[in-house]
Amino acid sequence: MKVALSGASGNVGRILRVELQRRGIDLRSAGGMEPLTPLHDGEEVMHGDLRDPAVVDRMLAGVDVLVHMAGTSLERSLQEIIENNLVALHQVYEGARRHKVRRIVFASSNHAFGMHAIDARLGLNAEVRPDGLYGLSKVWGEAMARMYWDKHGIEGISLRIGTTMGRPPENFRQLSTWMGTEDLVQLVMRSIQANDVGYAAVWGISANTRAYYDLKEGNAIGYAPTQNAEDWASEILAQPTPLDPIAQHFQGGPFVTIDYTQEQQRPSKAQGLHR
Ligand code: 15L
C-alpha cells in the first residue's frame, strides 16, 4: 500500500514522516515550498504548491491513501485560508478522483468546535461552532470529505486534532486538548489501516481526564488512546494560566480571543486560575 503524506515539513508531518516509515509504511512525503531530503532510502520526497494540479498529480500517482496534513494551521487572513485550506484542498480531492486514491485522512481541528464552552462534553455529532476563519475552513474540509465519499466513493476520515506537538502539555487548556506522540501515531496508523470506514470523524486527542469530548463513544477506526495529559496536571496547575478570560471560557482557547466582539458574553472579570 502506498501512502502519501502532505504537509510533511510541518509540525505534525515531521513526526509522522519518521514514525510511519518506522512502522513499515511505504511513504511519499510532500513538502510545501522547500525541497525535502529523504530520511531513508525508501522515502520518496517531493514538494510544491497543491493549488497546482500538476503538483497534486505528482503527489498522488499510484497512491492508495493520502494523509493530508498540509494547509494553514493558524488563524490567518481570509485570502490565505481560502487559498491553502479551500482551493488547495479542492485540488487535492479532484486529484484523488483522477488517481483513484482510496482514502483521504484529513487533518481537521478542534477549532471547528472552539466556540463550545469548556464544560460541554461533545459527541462526534456535536454542532460545529468554529472559532474563526481557520476553524471555519476545517468545517468546510470535513464537509468536503463527506461529499467525496457520498458522491465519488473516496473514503474520508476527519481527524479533529487537538494540540499535538511532540512535547508534554504546557498549559491548563492542553490538559483537555493534548494528544501525545504515541497516540498521534496510533491515530494515523488506524486511519490508514482500518477497513471499510466510508466516512468518519474521530477526535484526535489523548485519553485526557479533562477531555472536552466524550471519548467513551468510541469511533469508526478503533482508535483507543492510551496517554493522558493529566500525568502533567500537578506541574501545570501550580502555574498561573496564560489565557485571558475569553480564552479560558471557550474550548478554542486563544483562537477565540482573536477578533472577538461579543461583549455581552464576555466574562466580567478573570475567574481566577485555571478556569
Ligand atoms: C490547531 O488546530 C492548530 O493547528 C495548532 O497550531 C494548535 O493551535 C492547536 O489547534 C490547538 O488548539 O492547540
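Everything discussed here concerns the structure shown above.
The text that follows walks through the structure, step by step, so that each part is easy to find. (Residues numbered from 1 in each chain as written. Predicted model: local features only at pLDDT ≥ 70, side-chain atom pairs only at ≥ 80, totals over all residues. Heavy atoms only, no water.)

**Observations regarding the overall build of the protein chain**
- The number of helices and strands found in the protein chain is nine helices and seven strands.
- Here the protein chain has a C-alpha radius of gyration of 18 Å; the compact-globule value for 275 residues is 19 Å, and the two agree.
- Expressed along its principal axes, the backbone C-alpha trace of the protein chain runs to roughly 55 × 35 × 35 Å.
- Burial statistics for the protein chain: of 275 residues in total, 52% are counted as buried.
- For the protein chain, long-range pairs separated by at least 24 residues make up 67% of all intrachain contacts whose partners lie at least 6 apart in sequence.
- Counting every atom, the protein chain has about 12400 Å² of accessible surface; 50% of that belongs to carbon and sulfur.
- Counting 28 positive and 32 negative side-chain charges, the protein chain places the centres of these two groups 2 Å from one another. (Helix = DSSP H or I, 4+ residues; strand = E, 2+ residues; numbered from the N terminus. Rg over C-alpha atoms; globule rule 2.2 N^0.38 Å. Buried < 20%, exposed > 50% of the residue type's maximum accessible area, 1.4 Å probe, protein only. Contact = heavy atoms within 4.5 Å. Areas by Shrake-Rupley, 256 points an atom, 1.4 Å probe, with all protein chains shown as cover. Lys, Arg positive; Asp, Glu negative; His and termini not counted. Charge placed at Lys NZ, Arg CZ, Asp CG, Glu CD.)

**Some points on a nonpolar patch on the surface**
- A cluster of nonpolar side chains, Leu78, Leu133 and Leu136, forms an exposed patch at the surface whose accessible area comes to about 250 Å².
- Relative to the helices and strands, Leu136 is located in helix H4 (residues 133-152).
- Look at Leu136 and you get partly exposed, because its relative accessible area is 46%. (Patch = residues over 30% accessible without salt bridge, like charges linked within 9 Å, V, L, I, M, F, W, Y side chains within 5 Å. Salt bridge = Lys/Arg side-chain N within 4 Å of Asp/Glu carboxyl O.)

**Concerning unusual backbone geometry**
- The backbone phi angle of Lys100 is positive, close to 50°, even though this residue is not glycine.
- Checked against the element boundaries, Lys100 lands in the loop between helix H3 (78-98) and strand E5 (103-109).
- Even without a glycine there, the phi angle at Asp196 is positive, about 45°.
- With respect to the helices and strands, Asp196 occurs in the loop between helix H6 (181-193) and strand E7 (199-204).

**Points about the site of the ligand**
- In the vicinity of the ligand, the residues found are Ser73, Leu74, Ser109, Asn110, His111, Tyr134, Gly162, Thr163, Arg173 and Phe255.
- Here an oxygen atom of the ligand sits 2.7 Å away from a polar atom, N or O, in the side chain of Ser109.
- Separating an oxygen atom of the ligand from a side-chain N or O atom of His111 is a distance of 2.7 Å.
- Protein burial of the ligand: of its 310 Å² of free accessible surface, 76% is covered by the chains.
- The residue makeup of the shell around the ligand, split by class, is three nonpolar, six polar and one charged. (Near = heavy atom within 4 Å. Polar contact = N/O pair within 3.5 Å; in protein donor to acceptor, adjacent residues only side chain to side chain. Nonpolar A, V, L, I, M, F, W, Y, C, P; charged D, E, K, R; others polar.)

**Regarding the nonpolar core**
- Within the largest apolar cluster, 31 residues are counted, with the highest numbers of intra-cluster contacts made by Leu16, Val67, Met69, Leu159 and Val188.
- Listing elements by their share of this core, those giving two or more residues are strand E1 (2-6), helix H1 (11-22), strand E4 (65-68), E5, strand E6 (155-161), H6 and E7.
- Counting residues per element, this core draws most heavily on H6, which supplies six residues.
- Beyond its immediate chain neighbours, meaning those up to four positions away, Leu159 contacts Met69, Val105, Phe106, Ala107, Ser108, Ser109, Leu187, Val188, Ser191 and Val202.
- Counting 24 residues, the second largest nonpolar core, distinct from the first, contains Ala30, Met59, Val63 and Tyr199. (Core = buried A, V, L, I, M, F, W, Y, C linked by side-chain atoms within 4.5 Å.)

**Describing the pattern of salt bridges**
- A complete count under the given rule lists 16 salt bridges for this structure.
- Between Glu83 and Arg51 there is a salt bridge, with its nearest N and O atoms 3.0 Å apart. With Glu83 in helix H3 and Arg51 in the loop between strand E3 (44-47) and helix H2 (53-60), the pair connects residues that are 32 residues apart, well separated along the chain.
- A relative accessible area of 33% places Arg51 in the partly exposed class.
- The salt bridge partner of Asp57 is Arg98, with a shortest N-O separation of 3.0 Å. On the criterion of sequence distance, the pair formed by Asp57 in helix H2 and Arg98 in helix H3 is long-range, its members being 41 residues apart.
- Taken together, the shared-partner salt bridges in this structure form one network comprising Lys2, Asp26, Arg28 and Glu44.

**Concerning the pairing of E6**
- Judged by how many residues are buried, E6 sits mostly within the fold: seven of seven residues are covered.
- Neither face of E6 is left uncovered, since the one carrying Glu155, Ile157, Leu159 and Ile161 and the one carrying Gly156, Ser158 and Arg160 both have all their residues buried.
- Here E5 runs beside E6; their pairing, made up of seven bridges, is parallel. The partner of Ser108 across the bridge, within E6, is Arg160.
- For E6 and E7, the ladder comprises six bridges, and the chain directions are parallel. Across the sheet, Gly156 pairs through a bridge with Tyr199, a residue of E7. (Pairing = 2+ DSSP bridges.)

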